[in-house]
Amino acid sequence: GDVRGTFVLLMAEVLPVLDVSFLLQYAQEPDNSTMTYLTYYLTSLICLVMMIVIGLHFSLAAKNHPEDVDATFIAGGIAGVGLFFSATTNTFVLGWMHEYYRLWNDQETPTFFALWDLIVITHVVMGVSIFFITEYMRKTKKFGARDETSGLVEKILYVIVGIIALVIIIFTAEYASSSAMDDKFLIGHIFLGCMESFLLAVSILDIISRPSTIPGTASRYFVTALGIYFLGFLIHVSLNSSCAGNNAFVSKGCPLPDNFNHNTLFNFFKMVYVVLLGVGVLRLVDESAQSKDL
């Protein structure tokens, strides 16, 4: 009868319809190979660098163009830094878990399940951050109807996104067992994927709607970044059945080189994704200033 129970029942109805059960098969596989956790750490370092660069870039833009600092600009700056802060945390914790935890089941310590919850929560924070980066771009490009109802509609949309994110976080914190790991992982990824799809849609709209003489550089970076990420994700899922687990090269015939499994490969896709996404945010700040000068 409570909100949590309603949410669980809703997901039980929705997930079979979406036919995303194939995603559940790989969330609990232990993988302690050196290349896996090292590439997670390297991805985390790249995210940290991008977070610092983006924070400095927003600060410099605010200093050079104080007249451009409004609620949209501030929200975009917080979202940009928040995205890469949560990504830094997410990838570092995943590296730590792959390095030091061997079982990934109910025999693990409570710390393991707390870290897993942190992984899901950072996915949600990344999703919320991407949503507000997209809103920053949408307002900068002046997309969407603008009349006396626009402000109210935006507030309602923001409240809905916030409620969904909060419910997922509460659901994540309430269930601390291996039986719920896959469900939490999937729900967090669905939310993040929806927000990434929103960014992709607005970016494509920007590219096809603006004159060819005024290239939407930020949008092109976003589309390329998301395309590379989704390609890596599909390859990762397709290789899971043969490459998952610590002994996959012997028992399952993984086609990848030894000590370079599907997790490692996907991490290299993530590195490219992170860099392109970060450059896109940097370009968006510059394009925002240019659009206000016109």
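Residues numbered from 1 in each chain as written. Predicted model: local features only at pLDDT ≥ 70, side-chain atom pairs only at ≥ 80, totals over all residues. Heavy atoms only, no water.

1. Side note on unusual backbone geometry
It is generally the case that most residues other than glycine have a negative phi and that most peptide bonds are trans.
Moving on, step 1. Residue W104 is not a glycine yet carries a positive backbone phi of 55°.
Moving on, step 2. With respect to the secondary-structure elements, W104 resides in the loop between α3 (71–100) and α4 (110–140).
Moving on, step 3. Accessibility expressed as a relative area gives 3% for W104, which makes it buried.
Moving on, step 4. Backbone geometry places K142, a non-glycine residue, at a positive phi of 60°.
Moving on, step 5. Here K142 is to be found in the loop between α4 and α5 (150–174). (Helix = DSSP H or I, 4+ residues; strand = E, 2+ residues; numbered from the N terminus. Buried < 20%, exposed > 50% of the residue type's maximum accessible area, 1.4 Å probe, protein only.)

2. Brief notes about a nonpolar patch on the surface
Moving on, step 1. On the surface, L42, L45, L48, V49, I52, V53 and L56 cluster together into a nonpolar patch covering about 580 Å² of accessible area.
Moving on, step 2. Assignment of secondary structure puts I52 in helix α2 (residues 34–64). (Patch = residues over 30% accessible without salt bridge, like charges linked within 9 Å, V, L, I, M, F, W, Y side chains within 5 Å. Areas by Shrake-Rupley, 256 points an atom, 1.4 Å probe, with all protein chains shown as cover. Salt bridge = Lys/Arg side-chain N within 4 Å of Asp/Glu carboxyl O.)

3. Considerations on the environment of L276
Moving on, step 1. On the secondary structure map, L276 appears in helix α9 (residues 262–293).
Moving on, step 2. Sequence spacing of L276 and R220 is 56 residues, and the spatial spacing of their C-alpha atoms is 9.4 Å.

4. Quick word on the nonpolar core
Moving on, step 1. Residues F84, F222, Y273 and L277 are the most contacted members of the largest nonpolar core, which totals 51 residues.
Moving on, step 2. Secondary-structure elements contributing two or more residues to this core are α2, α3, α4, α5, α6 (181–209), α7 (217–243) and α9.
Moving on, step 3. When residues in this core are grouped by element, the largest group, 11 residues, is from α9.
Moving on, step 4. What F84 contacts, discounting residues up to four positions off in sequence, is C47, M50, M51, I54, V274, L277 and G278. (Core = buried A, V, L, I, M, F, W, Y, C linked by side-chain atoms within 4.5 Å. Contact = heavy atoms within 4.5 Å.)

5. Section: the packing of aromatic side chains
Moving on, step 1. This model, assessed by the stated rule, comprises 20 aromatic pairs.
Moving on, step 2. Note on F58 and Y136: the rings are 6.1 Å apart at their centroids and 45° apart in plane angle, and the pair reads as tilted. In this pair, F58 sits in helix α2 while Y136 sits in helix α4, placing the two residues 78 residues apart along the sequence. Both residues of the pair, F58 and Y136, belong to the buried class.
Moving on, step 3. On the basis of an interplanar angle of 55° and a centroid distance of 6.3 Å, the ring pair of F233 and F266 is categorised as tilted. Of this pair, F233 sits in helix α7 while F266 is found in helix α9, placing the two residues 33 residues apart along the sequence.
Moving on, step 4. Classification of F266 by relative accessible area gives buried; the value is 6%.
Moving on, step 5. Ring pairing ties together the aromatic residues Y101, W104, F112, F113, W116 and F185, which thus form one cluster. (Phe/Tyr/Trp six-rings, centres within 6.5 Å; stacked < 30°, edge-to-face > 60°.)

6. So, the packing of α4 against α6
The relative placement of two packed helices comes down to the angle between their axes together with the axis-to-axis distance.
Moving on, step 1. Put simply, α4 and α6 touch, their axes get as near as 9 Å, and they point 15° apart. Viewed along their axes, α4 and α6 adopt a mutual orientation that is roughly parallel. By crossing handedness, the relation of α4 to α6 is classed as left-handed.
Moving on, step 2. Residues belonging to the contact of α4 with α6 are distributed by class as follows: 18 nonpolar, six polar and five charged. (Axes fitted to C-alpha atoms, helices over the stretch in contact; angles between N-to-C directions. Parallel < 35°, antiparallel > 145°, perpendicular 65-115°, else oblique. Left-handed = near helix turned anticlockwise from the far one by under 90°. Nonpolar A, V, L, I, M, F, W, Y, C, P; charged D, E, K, R; others polar.)

7. Description of the pattern of salt bridges
Moving on, step 1. For the coordinates displayed, the defined rule picks out eight salt bridges.
Moving on, step 2. A salt bridge links K139 to E154; the nearest nitrogen and oxygen atoms lie 3.2 Å apart. Taken together, the positions of K139 in helix α4 and E154 in helix α5 put the pair 15 residues apart, joining distant regions of the chain.
Moving on, step 3. Overall, the relative accessible area of 17% leaves E154 in the buried class.
Moving on, step 4. Each of K141, D206, R283, D286 and E287 takes part in salt bridges that share partners, so that together they form one network.

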